[in-house]
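# Fold and geometry: a report
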Amino acid sequence: MSSLKIDVIKDKILSENYFVLRNITYDLTRGSGEVVRHKREVYDRGNGATILLYNRERRSVVLTRQFRVATWVNGNADGMLIESCAGLLDADAPEACARKEAIEETGFEVGEVTKLFELYMSPGGVTELIHFFMAEYSEATRVNAGGGVDDEDIDVLELPFEKALAMVRSGEIRDGKTVILLQHLQLLGMMD
Ligand SMILES: Nc1nc2c(ncn2[C@@H]2O[C@H](COP(=O)(O)OP(=O)(O)O[C@H]3O[C@H](CO)[C@@H](O)[C@H](O)[C@@H]3O)[C@@H](O)[C@H]2O)c(=O)[nH]1
Ligand SMILES: [Mg+2]
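All figures in this text were calculated on a predicted structure; none of them were measured in a lab. (Residues numbered from 1 in each chain as written. Chains lettered and ligands numbered in written order. Predicted model: local features only at pLDDT ≥ 70, side-chain atom pairs only at ≥ 80, totals over all residues.)

### Remarks on the UniProt feature "domain: Nudix hydrolase" (unreviewed entry) in the protein
Keep this limit in mind: UniProt positions are given in the numbering used here, feature names are shortened, and annotations may be inferred rather than shown by experiment. In DSSP terms, a helix is any run of H or I states spanning at least four residues, a strand is any run of E spanning at least two, and both are numbered starting from the N terminus.
The positions UniProt marks with the feature "domain: Nudix hydrolase" (unreviewed entry) are residues 44-181. The span residues 44-181 is 24% helix and 34% strand, and its two end C-alpha atoms sit 23 Å from each other.

### Describing helix α2 (residues 94-106)
Because an α-helix packs 3.6 residues into every turn, residues spaced three or four apart end up facing the same way. Our working definition: Helix span is expected to be 1.5 Å times the residue number reduced by one. Partly exposed residues are those falling between the two cut-offs: more than 12 but fewer than 20 other C-beta atoms within 10 Å of their own, whereas 20 or more means buried and 12 or fewer means exposed, with C-beta atoms placed from the backbone. It is the C-beta atoms, placed from the backbone, that decide contacts: two residues are in contact if theirs lie within 7 Å.
For α2, built from 13 residues, the straight-helix expectation of 18 Å at 1.5 Å per residue is met to within 8% by its first-to-last C-alpha distance of 17 Å. If you check which residues of α2 are buried, you get P94, C97, A98, R99, E101, A102, E105 and T106. As for α2, its buried residues are in contact with β4 (48-55), β5 (60-67), β7 (85-88), β8 (113-120), β9 (129-136) and β10 (155-160). One or two positions beyond α2, positive phi appears at G107, with a value near 90 degrees.

### Regarding the UniProt feature "binding site: Mg(2+)" (unreviewed entry) in the protein
What UniProt calls "binding site: Mg(2+)" (unreviewed entry) maps, in this numbering, to A86, E101, E105 and E152. With the annotated positions falling across 67 residues, the maximum pairwise C-alpha distance of 12.4 Å places them together in a single cluster. For A86, a count of 24 C-beta atoms within 10 Å translates into the label buried. In contact with A86, other than residues within four places in its own chain, are G48, A49, T50, E101 and K177. Within the secondary structure layout, E105 lies in helix α2. Excluding residues within four positions of it along the chain, E105 makes contact with T64, C85, G146, G148 and I154.

### Some details on the site of ligand 1
Selection rule: Nearness here is judged by the C-beta atom: place it from the backbone, and if it falls within 6 Å of a molecule or strand, the residue counts as near that partner. Residue classes follow a fixed rule: Ala, Val, Leu, Ile, Met, Phe, Trp, Tyr, Cys and Pro count as nonpolar, while Asp, Glu, Lys and Arg count as charged, and any other residue, Gly among them, counts as polar.
Taken together, the neighbourhood of ligand 1 is formed by 13 residues, with Y18, G48, A86, G87 and L88 sitting nearest. At the level of elements, β4 and β7 are the ones that each hand at least two residues to the shell around ligand 1. Per element, the largest residue contribution to the shell around ligand 1 is three residues, and it comes from β7. For the shell around ligand 1, the per-class residue count stands at four nonpolar, three polar and six charged.

### Some details on the nonpolar core
Rule in force here: A set of buried residues drawn from Ala, Val, Leu, Ile, Met, Phe, Trp, Tyr and Cys, joined through C-beta atoms within 7 Å, is what defines a nonpolar core.
The biggest cluster of nonpolar side chains holds 26 residues, and the ones touching the most others in it are I51, L52, L53 and M134. Broken down by secondary-structure element, the contributors of at least two residues to this core are β4, β5, β7, α2, β9 and α4 (176-187). Sequence-distant contacts of L52, that is, excluding residues within four places in its chain, are made with V61, S84, M134, L181 and L185.

### Notes on the pairing of β4
This is how it is decided: Strand pairing requires that DSSP identify at least two bridges connecting the strands.
Of all eight residues in β4, seven are buried, a share of seventy percent or more. In this sheet, β7 lies alongside β4 in antiparallel orientation, the contact comprising four bridges. Pairing of A49 across the sheet is with G87, part of β7. Both β4 and β5 contribute to a ladder of three bridges, which runs antiparallel. What sits directly across from N55, in β5, is S60. Hairpin connection from β4 to β5: four residues lie between these consecutive antiparallel strands, with R59 at a positive phi of about 55 degrees.

In structure tokens:
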């Protein structure tokens, strides 16, 4: 399908309490001249960065575990979710955000960081673009105990890489960005 012409008819903010929920009405014009009108809700929570910490010698990864209310209201019985370290960009550049979140959430200050890709996580209605990174960690680069800032209460999990992959298969790990990162590490043969 070729590109469409987009004309915004109406752009209304439904909520801007913390993040922004908008209702956008727009016309899409096809090459043939046919026009279709859509009305769609779009949730803007900003963009984010996530980073998978791995250690090739120990064949291990560092993940986090925290309460996620959005999963609790949608079938996750205790609301706890295992995830790769991640944060909202706020005013930071993506790599700076990834480094900062690694220190705050896991306690590890990482050296060289590899950018992998930028992915839209839920394009049907959420604007969020997440920047994906990976970096080697070691006990020598630990600067604090992790756990997050303010009211964040984050457990730090250091797991054998094979165990993390088994937890994806069993459904114990069911966060999209985390599965993508673990499988990408496997795809790259980083832990072979
Ligand atoms: N008051 C208030 N605080 C909020 C709200 N939503 C989030 N926060 C606070 O905002 C902070 C966000 O923490 P970060 O570590 O920066 O972000 P994150 O929640 O881990 O988000 C990351 O992972 C998400 C899930 O995969 C991603 O969606 C996001 O882009 C980012 O990568 C937390 O302290 C949280 O309490 C809200 O509605 N109200
Ligand atoms: Mg976070």
